[in-house]
Amino acid sequence: MKRILRILILIFIMWGFPTFALFYISIGLGAITSYITILLLLVYFVFYVDNYRQPLLPFIFLGITYYTISGLNFLPTYGFVEDYLVFFIKFIIVVVCCTEVAKDSKIEEIFIVTIFGALSIVIHAVVFPTTDATFGDSYGRFSGFYLNPNYAAIVSLVGFSLSYGIKNAKLKMIGQLVFSFAGILTMSRYFILIWVLINIAAAISSRKNLAAPILGAIVLAFVLLSGTLKLNTSRFEALESIFSDEVKTETINDDSRTDTWAQFTDIILSKPFLGNGFRNLQGQGFRLNTGVHNLYLLVIGEAGIIAFAFLIYIIFFLITKSIKYYQSNFYYIFLTITVATSFLVGHTYFEKYSTIFITIFVYLKLSDLDKKNKQLLK
């Protein structure tokens, strides 16, 4: 029963099903499944944990400082106090309970669940290419359960990174094929960049890892040559132009994240210590029609330097420890690269349970490796 409950939790978290239900089924079901996810986490934590692990304090402190300090400017200005408190409480519950779920979860379990999540992106592109509740019927960038193609790209990269920790060769290859195909279908520039970086690093580490980029090249060739997929025209042409004499740099650089971040520079610098308040950098303040699309800037811009310091500590820990244990567990550095860079392209971390869970999972595993290493040295 414990394993079944854990797998069910992984499905709700790694598929982002509550948000999908909210947009494609009904508002009521979306709300219900969101609270069911929290309830399942609490049930697992209360009834199925044998040896409780100390909560990961950097994540707890990040949540407390972000919500309390950003709330200082939020509460007097806006009337959504109830939503603010719900988000705050949910984040703390997710961090505490997901620590136990991550501790008990095998990499194969997370990997297989994520494969099925990525398959929803493929199904979206092949079976429902003109259906998109978020961006419109002719958007041409596919996201499946994840609604946003950039978020779908991050999940695809998470799964692709996990594949290097899978011992079963067939399962590993199937996963790499699915995640490569799904990631390309998102038409995300971010996915292509990080996917190439991971493949280069993996190939340098071992020639056995050359299978992944070969599979990716086959998938890319199919996407470019099949003509059956209704992909975003401008992005498809830009991708296609990479293999021609004239690369369409204007499309590749169009709507770049650096341009978005630049709009918030003065706002962030105006209040670096206490920030500008909850939601103010997420498209709901300063009369801007866009969010900051950068978690690092979001945290310092809404909650100031203290909350930002905890976020940087978490990322610093992941980077230093994953490099330290690169030779024995090199897939952790790929997960770290994905997590750290995903924070540069999105600002919804506090509400995306899958990203929270993966960050906790990597942090937890690296902490355990550190403890084992210290015990061996004694």
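Before reading further, recall that the structure is shown in the block above.
For every chain, the first residue of the written sequence is number 1, and numbering continues from 1 onward in sequence order. It should be noted that, the model being predicted, local features are given only for residues of pLDDT at least 70 and side-chain atom pairs only at 80 or more, the latter also being counted only at that level, while totals for whole chains, interfaces and linings use all residues. Heavy atoms throughout the structure, all of them, feed into the side-chain values; hydrogens and water do not.

K.L.:
Can you help me understand the overall build of the protein in this one?
P.N.:
Helix and strand counts for the protein come out as 18 helices and zero strands. Remark: exposure states derive from per-residue accessible area (1.4 Å probe, protein chains only) relative to the maximum for the residue type, with buried under 20%, exposed over 50%, and partly exposed in between. Looking at the 378 residues of the protein, the share that counts as buried comes to 53%. Partitioning the intrachain contacts of the protein with sequence separation of at least 6 by distance along the chain shows that 74% fall at a separation of at least 24. Working definition of accessibility: Shrake-Rupley area with a 1.4 Å probe, residue cover restricted to the visible protein chains. Carbon and sulfur atoms form 66% of the exposed surface of the protein, whose accessible area is close to 17800 Å². Helix and strand definitions here come from DSSP, where helices need a minimum of 4 consecutive H or I residues and strands a minimum of 2 consecutive E residues; each element is numbered from the N-terminal end. We call two residues in contact whenever any of their non-hydrogen atoms come within 4.5 Å of each other.

K.L.:
Explain the nonpolar core to me, please; I cannot follow it from the model alone.
P.N.:
What tends to happen in soluble globular proteins is that the nonpolar side chains get buried as a cluster. To qualify as a nonpolar core, a set must consist of buried Ala, Val, Leu, Ile, Met, Phe, Trp, Tyr and Cys residues joined through side-chain atoms within 4.5 Å. Formed by 115 residues in total, the largest nonpolar core has its most connected members in Y164, L318, Y349, F350, F357 and I358. Here Y349 is in contact with F59, L62, F91, L295, F343, T355, I356 and T359, once residues within four sequence places are set aside.

K.L.:
Would you mind showing me how to read the packing of aromatic side chains here?
P.N.:
Aromatic ring pairs are defined here through the distance separating the ring centres and the angle between the ring planes. Aromatic pairing here means that ring centres of Phe, Tyr or Trp (its six-membered ring) are within 6.5 Å. Orientation follows from the plane angle: under 30 degrees is stacked, over 60 is edge-to-face, and everything else is tilted. For the structure shown, the criterion picks out 35 aromatic pairs. Seen in terms of ring centroids, Y67 and F278 are 5.8 Å apart; in terms of plane orientation they differ by 45°. Their pairing is tilted. Of this pair, Y67 sits in helix α4 (residues 57–74) while F278 sits in the loop between α14 (265–270) and α15 (295–303), and the two are 211 residues apart along the sequence. For Y67, a relative accessible area of 1% gives the class buried.

K.L.:
I would appreciate a short explanation of the packing of helix α16 (residues 305–324) against helix α17 (residues 331–342) in the present structure.
P.N.:
Relative orientation and spacing of two packed helices are given, respectively, by the angle between their axes and the distance between those axes. Axes here mean lines fitted to C-alpha atoms, for a helix over just the part in contact, with angles spanning 0 to 180 degrees between N-to-C directions. Two numbers describe how α16 lies on α17: the axes approach to 9 Å, and their chain directions differ by 155°. By the angle between their axes, α16 is roughly antiparallel relative to α17. In the crossing of α16 with α17, the sense of the turn from one axis to the other is left-handed. Where α16 abuts α17, its residues I315, L318, I319, S322 and I323 lie against Y332, I333, T336, V339 and A340. If an angle is under 35 degrees, it is roughly parallel; if it is over 145, roughly antiparallel; if it lies from 65 to 115, roughly perpendicular; otherwise it is oblique. Crossings are sorted by hand: turned counterclockwise from the far helix by less than a right angle, the near helix makes the crossing left-handed, and turned clockwise it makes it right-handed.

K.L.:
In this structure, what is going on with α16? I would like to understand it.
P.N.:
Owing to its 3.6 residues per turn, the α-helix brings residues three or four apart onto one side. Here the expected span of a helix is defined as 1.5 Å times the quantity of residues minus one. Taking 1.5 Å per residue, 20 residues should reach 28 Å; α16 reaches 28 Å between its end C-alpha atoms and fits that length. Of all the residues in α16, the buried ones are A307, L311, I314, I315, F317, L318, K321 and S322. Projection of α16 onto a plane perpendicular to its axis shows the buried side chains occupying an angular sector of 145°, all on one side. Residues of α16 that are exposed and point over 90 degrees away from its buried face: F316 and I323. In this description, the arc belongs to the directions extending from the helix axis to the C-beta atoms.

K.L.:
What exactly am I supposed to notice about the side chain of N294 here?
P.N.:
Inspection of the secondary structure puts N294 in the loop between α14 and α15. For N294, a relative accessible area of 3% translates into the label buried. Whenever a nitrogen or oxygen atom comes within 3.5 Å of another N or O atom, the pair is scored as a polar contact, on the condition that within protein one atom can donate a hydrogen and the other can accept it, and that pairs from neighbouring residues in sequence are kept only if both atoms are in side chains. In terms of polar contacts, N294 uses its side chain to reach the backbone amide nitrogen of Y296, at 2.9 Å. Residues within four places of N294 in sequence aside, it is in contact with W261, F343, L344, G346 and H347.

K.L.:
Please explain helix α1 (residues 2–15) as it appears in this structure.
P.N.:
Under the 1.5 Å per step criterion, the end-to-end length of α1 is 20 Å for 14 residues, consistent within 8% with the ideal 20 Å. When α1 is considered as a whole, its buried residues turn out to be L5, R6, I9, L10, F12, I13, M14 and W15. Phi for G16, located one or two positions after α1, is positive at around 60°.

K.L.:
For this particular structure, what's the right way to read the environment of A182?
P.N.:
Tracing the backbone shows A182 in helix α8 (residues 169–185). Between the C-alpha atoms of A182 and A125, which are 57 residues apart in sequence, the distance is 8.9 Å. Those residues in contact with A182, other than ones at most four positions away along the chain, are A118, I121, V122 and S156.

K.L.:
Which parts of the structure should I look at to understand the pattern of salt bridges?
P.N.:
Pairing between side chains becomes possible if they bear opposite charge and their charged atoms approach one another. Salt bridge, as used here: a side-chain nitrogen of Lys or Arg that lies within 4 Å of a carboxyl oxygen of Asp or Glu. Per the stated rule, a full pass over the model turns up nine salt bridges. Between E351 and R279 there is a salt bridge, and its shortest N-O distance comes to 2.9 Å. With E351 in the loop between α17 and α18 (353–377) and R279 in the loop between α14 and α15, this pair connects stretches of sequence that are 72 residues apart. In this structure, K321 engages D370 in a salt bridge whose closest nitrogen and oxygen atoms are separated by 2.9 Å. Of this pair, K321 sits in helix α16 while D370 sits in helix α18, placing them 49 residues apart in sequence. Using a relative accessible area of 9% as the deciding quantity, one classes D370 as buried. The structure contains a network of salt bridges with shared partners spanning K2, D50 and D104.

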